[in-house]
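# Results of the structural survey
The primary structure of each chain is shown beneath.
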Amino acid sequence: MQDAFRNKWPLLLLTGFILIALTSACGPASTCITAGGSTTVQPLAEKWAEEFKAKNPNVDVIVQGGGSSAGVKGVAQGIFDTGTASRELKSSETSQWPDLVTYHVALDAIAIVVHPSNTTANLSLKELRDIFATGSNATWTVLNREEGSGTRDNFEEKVMGDTEVSLNSEFLPAAGAIKQKVANTTNAISYISLGYADASVKALTIDGTTCTKDNCRNGSYPISRYLNFITKGEPGGLVKTFIDFCLSSEGQQLVEEEGYISVK
Amino acid sequence: MSRYFIDRASRYVVFIFGVIALLILAAIAIFILKDSLPAFREIGISDIIFGTKWYPSRGAFGILTMLAGSVLVTLLALLMAVPLALGCAIFLAEVAPPRIRRLTRPAVELLVGIPSVVYGLVGMIVLCPLIANLSGTGSGSSVLVAAIVLAIMILPTVTSISEDSMRAVPNQYREGALALGATHWQTIHHVILPAARNGIMASIVLGTGRAIGETMAVIMVIGNSPIFPTNIFAPARTLTGNIAVEIMSATGIHQSALFATGVVLFILIMLINSLALIAYRKKT
Amino acid sequence: MMKLPPKLTQRIAWVSIWATGIIAILTLVFIVGYTFIKGFPAINFEFLFTSPKGGVSGEGGIFSCIVATMWLIVITMAILIPLGIGAAIYLSEYAPDNRLTRLISYSLELLAGVPSIVFGLFGFAIFVLALHFNYSIVAGALTLVCLLLPFLIRTAEEAIRAVPQSQREAALALGTTKWQTTANVVLPAAIPGITTGIILCVGRAVAESACLYVTMGGSAAMPTSFLSGGRALAVHIFYLAMETTALDKALATGAILIALILIINLSTVWLSQRFYAKMQGIR
């Protein structure tokens, strides 16, 4: 008997594994909203999620990154309940998925940042464009965001115009990595969201205008954009409650606390 | 239930498991090929493989620069790792005192299993600033750092498999050579290494595969610039990095082009494996 | 070229072998040592048992990542083990020796060398998009199954084939059915090899990052079911390094992962010694 049992132990182990897996599948399904996309929106959305959870304990808001295009693609294909994007929908996207709805949930500026020791204080839009069109050389180490980043799309639209950014530059998949590299490289130049800019990097003035919340609100700083939630069709139920919460005065206060600009 | 019934049933169950496993493996090849077809058809095979510009938002999908990046980084990594690993394997198998051997052998095996991101992380924190200082320009993200990280990553793999194969050489060979008056090094050089050649080859091929397939560690230290690296201090991009960085946000033809990148990577690995096989057959 | 006297080459060779051995070992010691020394101060109770809080400074710990990793391993193994062993039994015991079987063996060999990001591509296309598991633990687990399946089948097959043919013949001669022989004679004898293979798979699953990065999403929230997204420990290191300034926490997570791998490795050694002792009749 004992011997027979011993021969079967791998089978028992297996059954155990499968049982564990099955029971975890049958666990209580709590309601959750998935939001994903822009890495710029991510820290803000995580804060919103935390506050929202405090008010609605049985709702989890799961926030993921991936880049703005991943957010748009994700919500259109049903991967996310709401996509997050740090740019407006492109015409190619609205024609491919006509039922996408955009909500402006915060305003943000894109700061042009260099190493704190850099003596450059101001660049004109044209100088900036030339630097990024030339790419890395002895004077500048140019850092770009990856293809699909909303920050990159905004930068290309508002600074580069029809000019292409030089491929002779580094492409990093996250704003945090950009900030780190700029803080550690004496001749680096790149662009990050105002919410990410802190004392470890130096923000340049563009055509003499400082990158501040006020200059962004009054429209004098040239590189600003809305941060958006994107839903497939008009949202209902929890998703709507969540977006309403983000747009409420309480939600907008969090926006200011995180270093972005409220839209209300 | 009779045991004959169980026997018959088990035959089918096991067969089904086998079929499922094979279907999964076939599905992988089919799906990746299928999803890459639109890119190959619309852009053209030669424009993808020999195109030198990758700028998806402006419709450029050439991956030659990344192909060059992958190959260059891997070759450089092998150049550093193979001599070190072989030396280390000879050291552990033939030279080191038993006490050191007992200590290092399990350590090397542990190192095989260390997550590659850890190697990437240490490379990013320690090597990038170092190389930036040395070269005096740029942020340190470069082919060189990536190659060093990969070399360190594959070092344990190549070492442990080569060591195993050297150890598998029968002791009579050693004794025979020594008895003929050969020095210890002559024995190793002319007897042990040729006898262990298959295993050593296999370890190098495995190391090459790991280096060329590594993704996250490379993204962290190479800068991901889709250009031909002009020197080893310049940034570059690998095929794997291209896929990982962009796949989540890619749609349409861009997504398909990333699958095409996957196909090229797959073929590259197959080529390396078959080349190794041919080289190996020729010599024996 | 002048031929050097053997004594001299011997000396040169010895110096270089010692040098390479020491350089290689020191490099590897440096990596592990650096990770532990720099990471260790950040490890404490709070780090282990709180979840990442997000944000640029990388506040919080790694609890949800530990949970996600455990779920991932359990689900992966629950699918991988029966499938892998079943297929290995079929290939070694039941499959006829024909061209198809040889083709299968060859493709297994080939697939074992395919980079994990290619499996990630596949998992992304099938599990995330086509089957609508979205970015989830189950999508990650299924991708891992695909990644590890060739390796496990090959290891298990080797272990089963290594069982002496005479044992099978003896069992069959006693009038047992094929399945009785397989289940009661062949498999028990092959278990040490199979177990080692399984544990190696666990180790690879713990260390894997690329294919999980593109299939599990990056949510650091506590997973609520296996359909929710999650962040495995190895992927968390990547996120910490790229998106936050908390490099000490990244190193700390690395140190914990290395410790985990060490435990997994030691258990393989322990298991194989135990089985070896058992086979030799030493208790």
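Model, not experiment: these values are computed from the prediction.

### Focus on the overall build of chain B
Looking only at helices and strands, chain B has 12 helices and two strands in total. Reading the secondary structure of chain B in the N-to-C direction produces α-α-β-β-α-α-α-α-α-α-α-α-α-α. Here the C-alpha coordinates of chain B stretch approximately 75 × 70 × 35 Å along the principal axes. Scored against the burial criterion, the 284 residues of chain B give a buried share of 56%. For chain B, the computed accessible surface area is about 11700 Å², with 69% contributed by carbon and sulfur atoms. Mean positive and mean negative side-chain charge positions of chain B (19 and 11 charges, respectively) differ by 4 Å.

### Some details on the packing of helix 3 (residues 63-94) of chain C against helix 6 (residues 137-161) of chain C
All names here are of chain C. At a minimum axis distance of 7 Å, the contact between helix 3 and helix 6 shows a crossing angle of 35°. Crossing geometry of helix 3 relative to helix 6 is assigned as right-handed. For the contact of helix 3 with helix 6, a count of residues per class yields 24 nonpolar, four polar and three charged.

### Details of helix 6 (residues 150-160) of chain A
Residues and elements named next belong to chain A. For helix 6, a buried count of nine out of 11 residues is recorded, marking the element as mostly surrounded by other parts of the structure. Inspection of helix 6 places G150, T151, R152, D153, N154, F155, E156, V159 and M160 among the buried residues, and these make up the whole buried set. If you check the start of helix 6, you find a side-chain oxygen 3.2 Å away from the backbone N of T151, and it comes from S149. Where helix 6 ends, the next residue or the one after it, G161, has phi of about 60°, a positive value.

### Here we look at the domain arrangement of chain A
Residues and elements named next belong to chain A. Each assigned domain of chain A is listed with its residue range as follows: domain 1 (2-107 + 226-257) and domain 2 (108-217). Each partner contributes residues to the interface: domain 1 has 14 residues there, and domain 2 has 15 residues. Between domain 1 and domain 2, the buried area comes to about 1100 Å², and carbon and sulfur atoms account for 42% of it. When the area that domain 1 buries against domain 2 is broken down by residue, the three leading residues are T39, T40 and L107, summing to 44%. Scanning the region where domain 1 abuts domain 2 turns up four salt bridges. At the level of elements, helix 3 (68-76) and strand 4 (100-114) are the ones that each hand at least two residues to the side of domain 1 that touches domain 2.

### Quick word on the interface of chain C and chain B
Residue-level contacts link 72 residues of chain C with 71 residues of chain B. Regarding the contact of chain C and chain B, the summed buried area is about 6600 Å², with carbon and sulfur atoms giving 85% of it. Sorting the residues of chain C by area buried against chain B places I17, L28 and L121 of chain C first, and these three jointly supply 9% of that buried surface. Connecting chain C to chain B are zero salt bridges. Among the elements that line the side of chain C that touches chain B, the one with the most residues is helix 1 (residues 6-39) of chain C, at 19 residues.

### Description of the packing of aromatic side chains
Throughout the structure, instances matching the rule amount to 20 aromatic pairs over all chains. Residues F49 of chain C and F63 of chain C carry aromatic rings whose centres are separated by 5.5 Å and whose planes lie at 45° to one another, so their mutual orientation is tilted. Taken together, the positions of F49 of chain C in helix 2 (residues 45-49) and F63 of chain C in helix 3 put the pair 14 residues apart, joining distant regions of the chain. According to the relative accessible area criterion, F49 of chain C is partly exposed, its value standing at 46%. On the accessibility criterion, F63 of chain C (27% relative accessible area) is partly exposed. Relative to Y239 of chain C, the ring of Y213 of chain C has its centre 5.9 Å away and its plane inclined at 50°; by these criteria the two rings are tilted. With Y213 of chain C in helix 9 (residues 210-213) and Y239 of chain C in helix 10 (residues 233-243), the pair connects residues that are 26 residues apart, well separated along the chain. There is no split in this pair, since Y213 of chain C and Y239 of chain C are both buried. Grouping aromatic residues by their ring pairs yields a cluster made of W48, F52, F229, F242 and F245 of chain A. Stacked on the ring of Y94 of chain C, the Lys or Arg K178 of chain C has its end atom at 5.2 Å from the ring centre.

### Section: the environment of G209 of chain B
Take G209 of chain B: it is sitting in helix 9 (residues 197-213). Taking the C-alpha atoms as reference, G209 of chain B lies 33 Å from R99 of chain B; in sequence the two are 110 residues apart.

So, how was this worked out
- Residues numbered from 1 in each chain as written.
- Chains lettered and ligands numbered in written order.
- Predicted model: local features only at pLDDT ≥ 70, side-chain atom pairs only at ≥ 80, totals over all residues.
- Heavy atoms only, no water.
- Helix = DSSP H or I, 4+ residues; strand = E, 2+ residues; numbered from the N terminus.
- Buried < 20%, exposed > 50% of the residue type's maximum accessible area, 1.4 Å probe, protein only.
- Areas by Shrake-Rupley, 256 points an atom, 1.4 Å probe, with all protein chains shown as cover.
- Lys, Arg positive; Asp, Glu negative; His and termini not counted.
- Charge placed at Lys NZ, Arg CZ, Asp CG, Glu CD.
- Axes fitted to C-alpha atoms, helices over the stretch in contact; angles between N-to-C directions.
- Left-handed = near helix turned anticlockwise from the far one by under 90°.
- Nonpolar A, V, L, I, M, F, W, Y, C, P; charged D, E, K, R; others polar.
- Polar contact = N/O pair within 3.5 Å; in protein donor to acceptor, adjacent residues only side chain to side chain.
- Domains from an automatic or database assignment.
- Contact = heavy atoms within 4.5 Å.
- Buried area = accessible area lost by both parts, 1.4 Å probe.
- Salt bridge = Lys/Arg side-chain N within 4 Å of Asp/Glu carboxyl O.
- Phe/Tyr/Trp six-rings, centres within 6.5 Å; stacked < 30°, edge-to-face > 60°.
- Lys NZ or Arg CZ within 6 Å of the ring centre and 35° of its normal.

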